[in-house]
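Here are the chains, one letter per residue:
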Amino acid sequence: MRVTVPPAPLRPVPPRPAPPSRPSPPAGSAHRRRAGRGFWHYGVGMAAADTSPEVAAEGREPLLSPGEEAAAEGESRDIVETQEHYKSRWRSIWIMYLTMFLSSVGFSIVIMSVWPYLQKIDPTADASFLGWIIASYSIGQMVASPLFGLWSNYRPRREPLVVSTAISVAANCLYAYVHVPHSHNKYYMLTARALVGFGAGNVAVVRSYIAGATSLTERTSAMANTSACQAVGFILGPVFQTCFTLIGEEGITWKLLHLQLNMYTAPVLFGAFLGVINIILIFAIFREHRVDDMGRECKSVNFEGEEGGVLDQDAEGNVDHAAVVALNFLFFVILFVFAVFETIATPLTMDMYSWTRKEAVFYNGIILSVVGIESVVVFMVVKTLSKRTGERAILHGGLLIVLVGFFILLPWGKKLPNIQWQEVKNNSIPRPTSTEMFVPFWSLEVMQLPSNDTVEPVGCPVTQSWCLNTPMIYLAQYISSDILIGLGYPVCNVMSYTLYSKILGPKPQGVYMGWLTASGSGARILGPVFVSQIYTHLGPRWAFSLICGVVVVSLLVLEIVYKRLIAFSVRYGRMQEENC
């Protein structure tokens with residue numbers, strides 16, 4: 001007879017105790033701490049394999065087999081970031097912020113003293129050559145940006161960063177010695193400023209590193225901080241220059257070194273000193289880090305050793321080159337119109353408000369400083385605003401604000417600007433028309449009397465034929481336009497960089513960022529040339545109308561590619577758009 005033995009009853013499994021509480025992740029982190037491991041978890045749930053001896057003694061099966069457990073551990077390594085890695089990554093990003101700040105300081109710290117220093121060392125230099133010296137910085141940056149970007153794609157980024165900074169240091173030292181040669185001093189200054197711009201091509205490396213070392217949720221904030229550091233550098237550069245004017249034109253001379261330490265050379269030597277500090281910090285603190293769009297650590301060709309996570313499998317897929325080209329065009333337009341705005345400020349106010357050269361430099365310096373402070377505030381605000389509305393909508397709104405800013409600058413009234421009549425033999429003064437009697441008092445200007453050779457001529461030169469028939473732009477229009485352009489430009493600047501880096505995704509971004517920087521440098525070269533020709537020969541009505549037309553074209557381009565301006569991971573369905 002066959003006896004059936006009943007199976008032994010299953011022992012109830014006691015509930016597992018809850019894991020102990022752990023401290024929250026650092027501020028600004030979008031990740032959750034994984035209990036007991038010291039890792040930052042990226043929101044992917046996973047059951048842990050329990051293979052302890054207590055489980056085996058109780059006769060329970062492990063939740064995962066040995067093979068599954070190994071796969072789970074490999075997956076776990078893909079999705080976590082140690083706290084030390086997180087701190088090191090952000091320390092390196094802060095070094096990039098400093099590099100961006102020093103790059104902009106290198107441009108602006110001598111911008112106010114170039115002309116008097118050029119006249120002092122080489123009397124043969126004229127105003128047209130000054131234009132070449134100013135443009136040489138942008139030309140050097142335009143040439144260097146793609147080269148440094150390509151270099152950073154295949155080698156550790158420390159290499160192009162150190163080399164470019166060293167070039168800037170050497171160029172600043174050369175600028176301090178341009179007075180030594182007995183001839184052709186202006187060409188030495190031209191070479192020095194071009195090399196400073198060439199060294200500033202590391203902007204492409206900086207932005208490509210920040211794009212690769214941040215997740216999508218961190219990207220907008222990091223790009224805004226980068227642009228804010230750049231803006232602060234442009235603001236503080238002239239401040240440093242002003243402080244060094246206390247040294248005077250003569251200063252101190254060290255005959256042994258043939259070095260003159262004066263108000264013209266001290267700023268560039270200070271910039272060289274900051275560059276040396278930057279190189280030391282790059283060697284001491286900067287480390288290669290790369291994370292994917294989810295924030296998971298990935299390996300990269302830039303790593304110098306074996307450290308790093310697994311290879312990024314999310315890099316598979318093609319970049320949307322139509323969106324890349326469109327954003328390069330939009331960025332060109334943004335930098336172009338702002339270069340026009342910077343260039344036109346002094347001649348416009350001298351023509352419209354009869355300001356002297358000294359008054360125009362002083363008042364516009366104050367206005368641009370306030371605009372710079374406004375830009376820094378906008379950079380900070382846009383980080384929060386983008387989380388609610390998205391980068392594309394903010395870029396669209398920024399372009400509309402810039403359009404309104406230039407539209408306001410169009411001459412609308414009937415009052416003509418004051419005319420420089422000193423070149424007219426009869427020195428006649430135009431009589432005010434009946435309509436000018438009713439112009440509000442705050443917009444009236446004092447009519448200039450005929451001046452002699454000892455007084456600086458003021459007003460709109462009669463050699464500009466448009467002065468005789470183009471209405472003046474009231475001061476209220478000019479101030480309102482400054483406020484609006486100062487609001488729209490930083491918005492467009494940050495959103496362009498942010499969208500550009502997200503579209504490129506996990507692909508190496510060095511070359512792409514190089515082309516974007518080059519397009520901006522080209523805009524800074526062409527903008528002043530455009531406005532100087534159109535404004536001088538045709539006047540502000542034509543100049544600002546054409547600028548409005550360019551901005552309208554950019555808005556149309558944005559509408560055409562609007563739906564394509566999405567993150568690489570969203571385009572391939574790896575992330576939801578609301579998480580970007």
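Scroll up to find the structure this text is about.
What you see is a predicted model; the values in this text were computed from it and never measured.

### What about the overall build of the protein chain?
When helices and strands are counted, the protein chain shows 17 helices and seven strands. Looking at the protein chain as a whole, 48% of its 580 residues qualify as buried. Restricting the contact set of the protein chain to residue pairs at least 6 apart, pairs at least 24 apart contribute 79%. Surface summary for the protein chain: the accessible area is close to 28,300 Å², and the carbon and sulfur share equals 65%.

### Observations regarding the nonpolar core
In terms of nonpolar packing, the biggest core is built from 74 residues, with Leu348, Leu395 and Phe406 touching the most fellow members. Contributions of two or more residues to this core are made by helix 8 (203–212), helix 9 (216–244), helix 11 (321–353), helix 12 (357–389), helix 13 (391–408), helix 14 (475–504), helix 15 (510–538) and helix 16 (540–561). Among the elements that line this core, the one with the most residues is helix 11, at 19 residues. Every residue in contact with Phe406, bar those within four places of it in the chain, is listed here: Val337, Phe341, Ser481, Ile485, Phe544, Ile547 and Cys548. With 45 residues, the next largest nonpolar core counts Tyr117, Met189, Tyr264 and Ile279 among its residues.

### Considering the state of the cysteines
Between two cysteines, a covalent bond joining their sulfur atoms is known as a disulfide. Inspection of every chain in the model, using the stated rule, returns one disulfide. Paired through a disulfide, Cys460 and Cys467 show a sulfur-sulfur distance of 1.8 Å. With the S-S bond torsion at -55°, the cross-link from Cys460 to Cys467 turns out left-handed. On the accessibility criterion, Cys467 (0% relative accessible area) is buried.

### With respect to helix 13
Its 18 residues place the ends of helix 13 26 Å apart at the C-alpha level, agreeing with the 26 Å of an ideal helix rising 1.5 Å per residue. Elements that come into contact with the buried residues of helix 13 comprise helix 9, helix 11, helix 12, helix 14 and helix 16.

### Here's the deal with the side chain of Ser92
Along the chain, Ser92 turns up in helix 3 (residues 83–108). The class of Ser92 is buried, set by a relative accessible area of 0%. A distance of 2.9 Å separates a polar side-chain atom of Ser92 from the backbone nitrogen of Arg287. Discounting residues that sit within four places of it in the chain, Ser92 has contacts with Tyr209, Ile285, Phe286, Arg287 and His289.

### What about the packing of aromatic side chains?
Applying the stated criterion to the full structure yields 20 aromatic pairs. Ring geometry for Phe244 versus Phe270: centroids 5.7 Å apart, planes at 55°, classification tilted. Of the two residues, Phe244 sits in helix 9 while Phe270 sits in helix 10 (residues 266–284), which places them 26 residues apart along the sequence. Exposure remark for Phe270: the relative accessible area of 26% places this residue in the partly exposed category.

Cut-offs and rules
Residues numbered from 1 in each chain as written. Predicted model: local features only at pLDDT ≥ 70, side-chain atom pairs only at ≥ 80, totals over all residues. Heavy atoms only, no water. Helix = DSSP H or I, 4+ residues; strand = E, 2+ residues; numbered from the N terminus. Buried < 20%, exposed > 50% of the residue type's maximum accessible area, 1.4 Å probe, protein only. Contact = heavy atoms within 4.5 Å. Areas by Shrake-Rupley, 256 points an atom, 1.4 Å probe, with all protein chains shown as cover. Core = buried A, V, L, I, M, F, W, Y, C linked by side-chain atoms within 4.5 Å. Disulfide = S-S within 2.5 Å. Expected span 1.5 Å × (residues − 1). Polar contact = N/O pair within 3.5 Å; in protein donor to acceptor, adjacent residues only side chain to side chain. Phe/Tyr/Trp six-rings, centres within 6.5 Å; stacked < 30°, edge-to-face > 60°.

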